[in-house]
Amino acid sequence: MRNTQCARFGTSRRHWFFRRFLSPKEEQKLYLGLTAAFRQKLDIQSNESTKSYSNIIEQVILTSNPSSSTHSHNKKSIRLIPTPSQLDQLKQSLDTTTDKKTLLKLEHELNQYQLNSVALYNRLIRSYIRGGYLEEAEKVFKDLKHLMPTTRTFTYLIQANVKSGRMDKAKEYVEKMQFLDLRLRTAFDCQVVLKYYVQADKTHAVDILWQHIVQHSDSIKPGWSLYTMYMDWLIRQEQQEQQEGTTKSQLANVVQNAVQLLEHKPTIHQARIVAQAAEIFNTSHPDTAYRALLLVARTAPKFIHKKTVDPILCTYLKNGKTLKAAALYYYLRKADVPNESIGHNETLSELKKALKQQDISSSSSSEHDHSILSTTDLSPFYYH
């Protein structure tokens, strides 16, 4: 038998069976085009399959009941299996209804179905709470016999009881959640439990929870609500003269992280808390207070006070950081903060004198602005 060697596109001159119709570059382009078209078609089919499978999986998760086989002989325990459309209708009704009679009907309908997830009952609990029916919400929780409550089940009830001033009842739910070893994985859940600890004045628990939030910030994604709640707690601790030196450092660190990590602006109420925090550490951490005040200025300039700004200006002037002091003054004025809210007349006069000594006043106004804007930590980003 003759020993022959075949190549699909004939790259060997000794064994050339097929004439090359395309150049290597054209062959590569054709190959990539074919595979790209195949992948695109595959993606379309995969998306359709995934959507179909997700509906099936959701129905199985919500409706499968592991205990159903043990009670199959009892006709009273047999429950209906809802269709995906019935589940969607239930979700929509639970999310939009706060009328008590309607919610009771939805609860009755929900109890007729064979479910193996507490998700729909969480929606029912939330709707009862929104309507002001806390007792009914707690009754739903008590009736969860074969279903395992989740973290969200507890945080809804904790939040409602804290809001109603029922701290002992809220404590019960917190302890039950801890007994079941349910973790706080979202900003909402952390905020609810943090508020409970703050109102219950549990200092150690507040600090431990905040460490957990910082450690898992990538997944929890804390926002201004969480940051300012913890800031407000630290401010009160400082005002009560508890751990004064530690509180200043903690406050400065929290504000610095918030300013660096959060892209959106705080609310007016949150900006007020940031301004109060900056007043506490304005001399010990002037650069952090500087950035905090720029943030407050673009959100709620009315909370800028000279009792906060003046010490920062004095600290910069004392340490020879004239341009930084001038930059802070420049941006606050740009945010329409009046002179009387920035500093005392003596401080502003000293700043003007220092600028003259550095020969800044002799340059043109455009060069003067450029020299200020080019210094470090000016953050013109805040005024885009």
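Residues numbered from 1 in each chain as written. Predicted model: local features only at pLDDT ≥ 70, side-chain atom pairs only at ≥ 80, totals over all residues. Heavy atoms only, no water.

From N to C terminus, the chain includes 18 helices and zero strands. Taking contacts inside the chain between residues at least 6 apart in sequence as the whole, the part at least 24 apart equals 68%. For the chain, the computed accessible surface area is about 23400 Å², with 51% contributed by carbon and sulfur atoms. (Helix = DSSP H or I, 4+ residues; strand = E, 2+ residues; numbered from the N terminus. Contact = heavy atoms within 4.5 Å. Areas by Shrake-Rupley, 256 points an atom, 1.4 Å probe, with all protein chains shown as cover.)

On to the layout of surface pockets. Approximately 380 Å³ is the volume found for the largest pocket. Contributing elements (two or more residues each) for the lining of the largest pocket: helix H6 (151–163), helix H8 (187–199), helix H11 (224–239) and helix H13 (268–280). Per element, the largest residue contribution to the lining of the largest pocket is six residues, and it comes from H8. (1 Å grid on protein atoms, 1.4 Å probe; cavity = no way out; pocket = protein on both sides within 12 Å on 5 of 7 lines; lining within 4 Å. Points joined across faces, edges and corners; volume = space filled by probe spheres on them.)

A few words now on the packing of helix H7 (residues 167–179) against H8. Where H7 meets H8, the closest approach of the two axes is 11 Å, and the angle between their N-to-C directions is 130 degrees. With respect to each other, H7 and H8 are oriented oblique. In this structure, H7 crosses over H8, and the sense of that crossing is left-handed. Contacts between H7 and H8 involve Met167, Ala170, Lys171, Val174, Met177 and Gln178 on the former and, on the latter, Val193, Tyr196, Tyr197 and Gln199. When its residues are assigned to classes, the contact of H7 with H8 shows seven nonpolar, two polar and one charged. (Axes fitted to C-alpha atoms, helices over the stretch in contact; angles between N-to-C directions. Parallel < 35°, antiparallel > 145°, perpendicular 65-115°, else oblique. Left-handed = near helix turned anticlockwise from the far one by under 90°. Nonpolar A, V, L, I, M, F, W, Y, C, P; charged D, E, K, R; others polar.)

To continue, consider the confidence of the model for the chain. The predicted coordinates should not be examined in detail at positions where pLDDT is low. Of the residues in the chain, 76% reach a pLDDT of 70 or more, and the chain-wide mean stands at 82. Within the chain, helix H18 (residues 365–373) has the poorest average pLDDT of any element, 47, and H6 the best, 98. Counting contacts from residues 1–18, a segment whose pLDDT is below 50, to residues more than four positions away or on other chains yields twelve contacts. Considering only residues more than four positions removed or in separate chains, one finds that residues 368–384, a stretch of pLDDT under 50, has 34 contacts. (pLDDT = per-residue confidence, 0-100.)

Bringing the nonpolar core into the picture now. Formed by 98 residues in total, the largest nonpolar core has its most connected members in Tyr121, Ile158 and Met231. For this core, the leading source of residues is H11, giving nine residues. If we ignore the near neighbours within four places in the chain, the residues touching Met231 are Trp224, Leu251, Val254, Val255, Ala258, Ile273 and Val274. (Core = buried A, V, L, I, M, F, W, Y, C linked by side-chain atoms within 4.5 Å. Buried < 20%, exposed > 50% of the residue type's maximum accessible area, 1.4 Å probe, protein only.)

Turning next to the pattern of salt bridges. Tallying each qualifying case throughout the model produces eleven salt bridges. Between Arg152 and Asp189 there is a salt bridge, and its shortest N-O distance comes to 2.9 Å. Of this pair, Arg152 sits in helix H6 while Asp189 sits in helix H8, and the two are 37 residues apart along the sequence. Residues participating in the shared-partner salt-bridge network are Asp95, Arg123 and Arg126. (Salt bridge = Lys/Arg side-chain N within 4 Å of Asp/Glu carboxyl O.)

A few words on the packing of aromatic side chains. Under the counting rule described, the total for this entry stands at eight aromatic pairs. Aromatic pair Tyr330 and Tyr331: ring centres 5.2 Å apart, planes at 75 degrees, arrangement edge-to-face. The exposure class of Tyr331 is buried, given its relative accessible area of 1%. Clustering of aromatic rings is evident, with ring pairs tying together Phe141, Phe154 and Tyr173. (Phe/Tyr/Trp six-rings, centres within 6.5 Å; stacked < 30°, edge-to-face > 60°.)

With that settled, the discussion passes to helix H2 (residues 84–96). For H2, built from 13 residues, the straight-helix expectation of 18 Å at 1.5 Å per residue is met to within 8% by its first-to-last C-alpha distance of 19 Å. Residues of H2 that are buried: Leu87, Leu90, Lys91, Ser93 and Leu94. (Expected span 1.5 Å × (residues − 1).)

With that settled, the discussion passes to helix H15 (residues 306–318). With 13 residues, H15 should reach 18 Å at 1.5 Å per residue; the first-to-last C-alpha distance of 17 Å fits that figure. Buried within H15 we find Thr308, Val309, Asp310, Ile312, Leu313, Thr315, Tyr316 and Leu317. Check the buried side of H15 and you find it contacts H13, helix H14 (286–299), helix H16 (322–334) and helix H17 (345–357). Positive backbone phi, at 75 degrees, marks Gly320, one or two positions downstream of H15.

A positive phi angle, close to 60 degrees, is found at Asp181, a residue other than glycine. Within the element layout of this structure, Asp181 appears in the loop between H7 and H8. We note that Asp336 has phi near 65 degrees; this positive angle belongs to a residue other than glycine. When its relative accessible area of 65% is taken as the criterion, Asp336 is described as exposed.

This brings us to the packing of H6 against H8. Orientation of H6 relative to H8, taken along the N-to-C sense of each, is 40 degrees, at an axis distance of 9 Å. Relative to H8, the element H6 lies oblique. Here the hand of the crossing between H6 and H8 comes out left-handed. In contact with Thr151, Arg152, Thr155, Tyr156, Ile158, Gln159 and Val162 of H6, H8 contributes Phe188, Asp189, Val192, Val193, Tyr196 and Gln199. Looking at the contact of H6 with H8 residue by residue, the classes come out as seven nonpolar, four polar and two charged.

One can find Thr322 in helix H16. Setting aside chain neighbours within four positions, we find Thr322 in contact with Tyr316, Leu317, Leu351, Ala354, Leu355 and Gln358.

Glancing now at the side chain of Thr299. Following the sequence through the fold, Thr299 ends up in helix H14. At 3.1 Å, the side chain of Thr299 forms a polar contact with the backbone oxygen of Leu295. (Polar contact = N/O pair within 3.5 Å; in protein donor to acceptor, adjacent residues only side chain to side chain.)

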